[in-house]
Each structure stands twice: as structure tokens, then as C-alpha cells.
Amino acid sequence: MMRRLLLSLTLAASLPLAAHAAPPAPPVTLTPDRPAVPAAAKPDARLERGRYLAIAADCMACHTAAGGKPYAGGYAIDSPLGTIYATNITPSKKGGIGHYTEADFARALREGVRADGSHLYPAMPYTSYAQLTDADVGDLYYYFMQAVKPVDEPARQTALPFPFNVRLSMLGWNTLFLDNKRFVPDATKSAQINRGAYLAEGLAHCSACHTPRNALMAEIGSQTLAGASLGPWHAPNITSDKVSGIGAWTDAEIAAYLKTGHVEGKGQAAGGMAEAIQNSLQFLRDDDVAAIVAWLRTVPPVRAPGQTKAAFSHGSAASEEPLLRGMAASTEHHSLNSGAVLFSGYCASCHSASGAGSTGQSYPALFNNTATGGNTPANLVSAILFGVERKIEGEEHEAFMPRFDLRSYVQPLTDEQIASIANYVLKQYGNPDVSVTPAYVAQARSGGEKPVLARAQPFMLPGGIVGILLLIALFVWLRRRRQRKE
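Residues numbered from 1 in each chain as written. Predicted model: local features only at pLDDT ≥ 70, side-chain atom pairs only at ≥ 80, totals over all residues. Heavy atoms only, no water.

Trainee: For the overall build of the chain, give the residues involved together with the corresponding values.
Mentor: Counting secondary structure elements, the chain contains 19 helices and eight strands. Total accessible area computed for the chain in this model is approximately 22800 Å², and 58% of it derives from carbon and sulfur atoms. (Helix = DSSP H or I, 4+ residues; strand = E, 2+ residues; numbered from the N terminus. Areas by Shrake-Rupley, 256 points an atom, 1.4 Å probe, with all protein chains shown as cover.)

Trainee: Give me the lowdown on the confidence of the model for the chain, citing residues and values where you can.
Mentor: Averaged over all residues, the pLDDT of the chain equals 87, while 88% of them reach at least 70. This model gives residues 1-42 a pLDDT under 50, and the stretch forms 166 contacts once residues within four places in sequence are excluded. (pLDDT = per-residue confidence, 0-100. Contact = heavy atoms within 4.5 Å.)

Trainee: Lay out the packing of aromatic side chains in plain terms, naming residues and giving numbers.
Mentor: By the definition in use, this model includes 13 aromatic pairs. Residues Phe 183 and Tyr 198 carry aromatic rings whose centres are separated by 5.3 Å and whose planes lie at 65 degrees to one another, so their mutual orientation is edge-to-face. In this pair, Phe 183 sits in the loop between helix H6 (169-177) and helix H7 (191-203) while Tyr 198 sits in helix H7, placing the two residues 15 residues apart along the sequence. Tyr 198 shares its class with Phe 183; the two are buried. Grouping aromatic residues by their ring pairs yields a cluster made of Tyr 71, Phe 105, Tyr 141, Tyr 143 and Phe 144. Positioned above the aromatic ring of Trp 249, the side-chain terminus of Lys 266 is 6.0 Å from the ring centre. (Phe/Tyr/Trp six-rings, centres within 6.5 Å; stacked < 30°, edge-to-face > 60°. Buried < 20%, exposed > 50% of the residue type's maximum accessible area, 1.4 Å probe, protein only. Lys NZ or Arg CZ within 6 Å of the ring centre and 35° of its normal.)

Trainee: Could you give an account of the pairing of strand S1 (residues 76-79), with specific residues and numbers?
Mentor: Residue alternation in S1 divides its side chains into a buried set, Ile 77 and Ser 79, and an unburied set, Ala 76 and Asp 78. As paired strands, S1 and strand S2 (residues 82-85) are joined by four bridges and run antiparallel to one another. Counted as the bridge partner of Ser 79 is Gly 82 from S2. With antiparallel pairing between neighbouring strands as the criterion, S1 and S2 make up a hairpin whose turn holds two residues. (Pairing = 2+ DSSP bridges.)

Trainee: Outline the nonpolar core, listing residues and values.
Mentor: In this structure, Phe 144 and Leu 296 are the most contacted members of the largest nonpolar core, which totals 77 residues. With residues up to four places along the chain from it excluded, the contact list for Phe 144 reads Ala 54, Cys 59, Tyr 71, Ile 89, Pro 91 and Phe 105. If you look at the next biggest cluster of nonpolar residues, it comprises 31 residues, including Cys 347, Leu 413, Ile 421 and Ala 444. (Core = buried A, V, L, I, M, F, W, Y, C linked by side-chain atoms within 4.5 Å.)

Trainee: I'd love a proper account of the pattern of salt bridges, names of residues and values included.
Mentor: One pass over the structure, following the stated rule, counts 17 salt bridges. For the salt bridge of Asp 116 with Arg 114, the shortest nitrogen-to-oxygen distance reads 3.7 Å. You can call Asp 116 exposed: its relative accessible area is 58%. Among the salt bridges present, the one from Asp 288 reaches Arg 285, with a minimum N-O distance of 3.4 Å. Among the residues examined, Arg 285 registers a relative accessible area of 13% and is labelled buried. A cluster of three or more residues bridged by salt bridges with shared partners is formed by Arg 195, Arg 285, Asp 287 and Asp 288. (Salt bridge = Lys/Arg side-chain N within 4 Å of Asp/Glu carboxyl O.)

Trainee: Can you break down the side chain of Lys 266 residue by residue, with the values?
Mentor: Structurally, Lys 266 is set in the loop between strand S5 (262-263) and strand S6 (267-268). Lys 266 has contacts with Trp 249, Glu 253, Phe 312, Asn 368, Asn 369 and Thr 370, leaving out every residue within four places of it along the chain.

Trainee: Talk me through the packing of helix H17 (residues 415-429) against helix H18 (residues 438-445); I want residue IDs and the actual numbers.
Mentor: Following both chains from N to C, one finds H17 and H18 inclined at 110 degrees, their axes separated by 8 Å at the closest point. Considering their axes alone, H17 and H18 lie roughly perpendicular with respect to each other. Where H17 crosses over H18, the handedness of that crossing is right-handed. Across from Asp 415, Glu 416, Ile 418 and Ala 419 in H17, the residues of H18 making contact are Pro 438, Val 441, Ala 442 and Arg 445. The residue makeup of the contact of H17 with H18, split by class, is five nonpolar, no polar and three charged. (Axes fitted to C-alpha atoms, helices over the stretch in contact; angles between N-to-C directions. Parallel < 35°, antiparallel > 145°, perpendicular 65-115°, else oblique. Left-handed = near helix turned anticlockwise from the far one by under 90°. Nonpolar A, V, L, I, M, F, W, Y, C, P; charged D, E, K, R; others polar.)

Trainee: Explain the packing of helix H9 (residues 251-260) against helix H11 (residues 286-296) residue by residue, including any values.
Mentor: Direction vectors running N to C along H9 and H11 enclose 125 degrees, while the axes themselves pass 10 Å from each other. One finds that H9 runs oblique with respect to H11. Crossing angle aside, the handedness with which H9 passes H11 is right-handed. Across from Asp 251, Ile 254, Ala 255, Leu 258 and Lys 259 in H9, the residues of H11 making contact are Asp 286, Val 289, Ile 292, Val 293 and Leu 296. Among the residues forming the contact of H9 with H11, the class breakdown is seven nonpolar, no polar and three charged.

Trainee: I'd like a description of a positive patch on the surface, backed by residues and values.
Mentor: A grouping of Arg 480, Arg 481, Arg 484 and Lys 485 is seen on the molecular surface, where their side chains present a positively charged patch. Assignment of secondary structure puts Arg 480 in helix H19 (residues 452-485). (Patch = residues over 30% accessible without salt bridge, like charges linked within 9 Å, V, L, I, M, F, W, Y side chains within 5 Å. Lys, Arg positive; Asp, Glu negative; His and termini not counted. Charge placed at Lys NZ, Arg CZ, Asp CG, Glu CD.)

Trainee: Explain unusual backbone geometry to me, and be specific about the residues and the numbers.
Mentor: Glycine aside, the phi torsion of most residues is negative, and most peptide linkages are trans. For the bond running from Phe 162 to Pro 163, omega is 5 degrees, close enough to zero to count as cis. A positive phi is found at Tyr 71, a non-glycine position, where the angle reads about 65 degrees. If you trace the backbone, Tyr 71 turns up in the loop between helix H2 (59-63) and S1. Tyr 71 gets classed as buried once you look at its relative accessible area, which sits at 5%. With phi around 40 degrees, His 205 is a residue other than glycine that occupies positive phi space. Assignment of secondary structure puts His 205 in the loop between H7 and helix H8 (207-210).

Pasting the structure below:
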């Protein structure tokens, strides 16, 4: 889903998370249709294929609310046009999709049309799932109908403001922007690269988060994977460009990031990308991760205008802690009055006074970090506001950084305080050409910059009424003119 939301090779600040080496995968045959499984792994191989496809498609992350039952819906997706609630996709005939035929399921998955004929919003990435083969759609349907426990409670209904609540409008949007074609392997590419393309472009729907969108919220094809805003977060450029993208990352680093969300000296995952790794990517077979890496190497490079230095190459260890000693009396009020002092009070205990993080990087360094060295401060500010949570199976500790917005159980910080901390970190450890204002923090706190379509929404109803009145007036004028001529 779009919240991920996500696929961002980002983030600063997180607690214990070391790289996890998965056991070698068994030999498999790489085909886009059906990921192979060891013959003796489970008695029902088709069900296991479907389960694996559901994991690769990250269905759990969007269709399961916090503390809710698996796939029962209700997860709130904060889209630029309003909150969209994920539907119940359990096989319940009362609250879910138990009455769906396989054809109904396929149409919803690949065309965004429900069994009752109403249209889904592209927060459900059917524009990517359109590439799925008939065999994989069939296996997914089999898994959901046979292995998922039905939940009879319907999910909360989406209620977007006018005119976005007119779902029939998606018919026109789909006509313009939905390429309803199945994946076709490129005969000039290897089987591994084709497998990676099928996984990344179809099931994992990477472009849904990492590709910028036009005024009508459709992906801009010429900027595929060049990075995009996701509310207050930023899904970075993951093209093969060595400066703006991930071309300078090694294959092992990209694979480790997809499996663990952590690469020392590069970045850590948070927000939607952390969810994608926690629920989906960490469970992919090593051969499939390698296939995605191989495909990413073939993505045409896109260089951000004016960028000459990779985000992870900024900064070095430095401390102003000695300069702060004795600056304020023990009884002084309002002494937290600068970025350096705020950093010392709220950040240095985990990330060290020098910004070098902890031994072993359970608490990551703030230099050589894509969140602090990028061309946008979005992920640095969002990490401070909303925190970092990421859990990897087999890791002793969960990656965690507390949030400092109004929901913080540590200490809520004001927009001015967060801007001061961010600017200190940027100048001391990151990209010194980037700065943060309190207004920017306030915007991030409220969900990020709104796209043109969302900003125009308040004027659409009165504008529509005026347009209708003008059409009526034109019709009356033309009719009277005809009558006078007769």
C-alpha cells in the first residue's frame, strides 16, 4: 500500500538491530509464475505458494490494524486525499471476501474493482498487481480462502471528502493511468533479473512509494523509483545512480537492508519501509532478494538536480559537549535553548555526544547516514516526530527510537525544539546545505505537504456548482437564440 507507504532506504535513529544472516535457501527454479518450495516442506504446496506470495505482496501490513486480527482490515492509510481504511480480506461471507469467486478476486487485485462493482482507490496498489500472472492470482486466492481465518466483522468504511468519495471517478482515472497488462519476461535479460522485475514491479510494488506522482496522483513513468514524498516521510531514490540512488551500495548491502533494514554507514529503515521489511521483505528467500538486487542494478539512473555527493557520505564524528559544561546555572529555567543543548539532553545518551552511535551500531551513527545527508530533511524530522520501530526475527532486540510528538511518553517537543535539533544534526553530522524551519516541522506533524489535488479539494464543490450553473445558462442562451431565429 501507498503508505509504505514506503519503500524507503532511509532512516536515522534506531535501537538495537544487528544484521541477521538467514540460512541458505534450498535450490529453486526461478519463474515469475510460482515461487518453488522444497517438495517436503508442506503437504499442500499450492497453499504454501499462496502464503509466500501474500508475504511478498505485503498484504498483512495494510490489511491488519494494530492489535487486530490478521487480514481483518481497519488499518488507517493516511493518504494525501484523506484517511483510507483497508478492507477485510478474510474469507468471511459477512465481513470479508468469502463470497468472491476467483474471477472477482482477480478483478479486485488487478483492476481495482470489487465484486459489487465499486472501485477501489489506488492506495491498494492494483496498478502494480496488474502484472501478476493468472497462476499466482489463483494461488493467492486459494491461500486466502483455505488458510486465512474468517473474521465476520466488517472493517471501518472509508469516507473521503467530495469529490474523492465518488468512486465512479476512478473509472476515468483507470482509463488514463491503469496499464492492465501481465508481466512479460524480457528475453534479453537473465532469468534472475526477470524474476527480480516481477517481484519488485508487481508483488512488492516498489514504484507505488518510490516513484513521484503527477497532479492526478499517478506515477510519473520517466521518474521511476527516483524518490517520492509519502506524507511526512520521503521514499528515496533507489535507481542505479551512484550519487542520488543506490548505485554505490554493494549487492551485499542492498540485500542486508532488504532483510534487516539496517546497513552500517548507509541507513536504517523506518516508517513504511520498516513495516515492509518487518512484514514482508525479511521473509523472502535469499534467491528472491538477490533477484531484486540484480534487477535494481538495471533500473536507469536518475540524478537529482544539483546533487554531487551521495547522502551517506556526509559528516564525521564531532562533539560540542565540553563547550556546554557550566553554561547554565543549576537553578536556571529555560536552559534548553539551542540545538546543541537539546541534542545533549535528548539524543546524545543514545547516539553519543559525538554522533557516532554505540559500539556495534545498535544505536546508529548520525553521520554517513542517508537520513541526515539527503537533500531533504523529511526522514530526519519524521524520525524525531514519530520514532522508529522495526522488528526482525532472530534479532535479540527490536529496533526502537521513541517518538517526540504529542504522543511521546518520553518528552513531547515543540516545533521550534525539533527544528533546532534537526538543524544542529544537519550542520554537525549531515548535509549542511539543508535546513529545517518550525513551519516545516508543523507541516510534517500534520501529515506533510499536501499535493495539488488535495489543496484544490475545498474549491471543487463550489467550482462544480458554478460550472453547472454556467452550463445551464449557456443552454438557456442557446435555446433562446434558436427561438429568435425561428
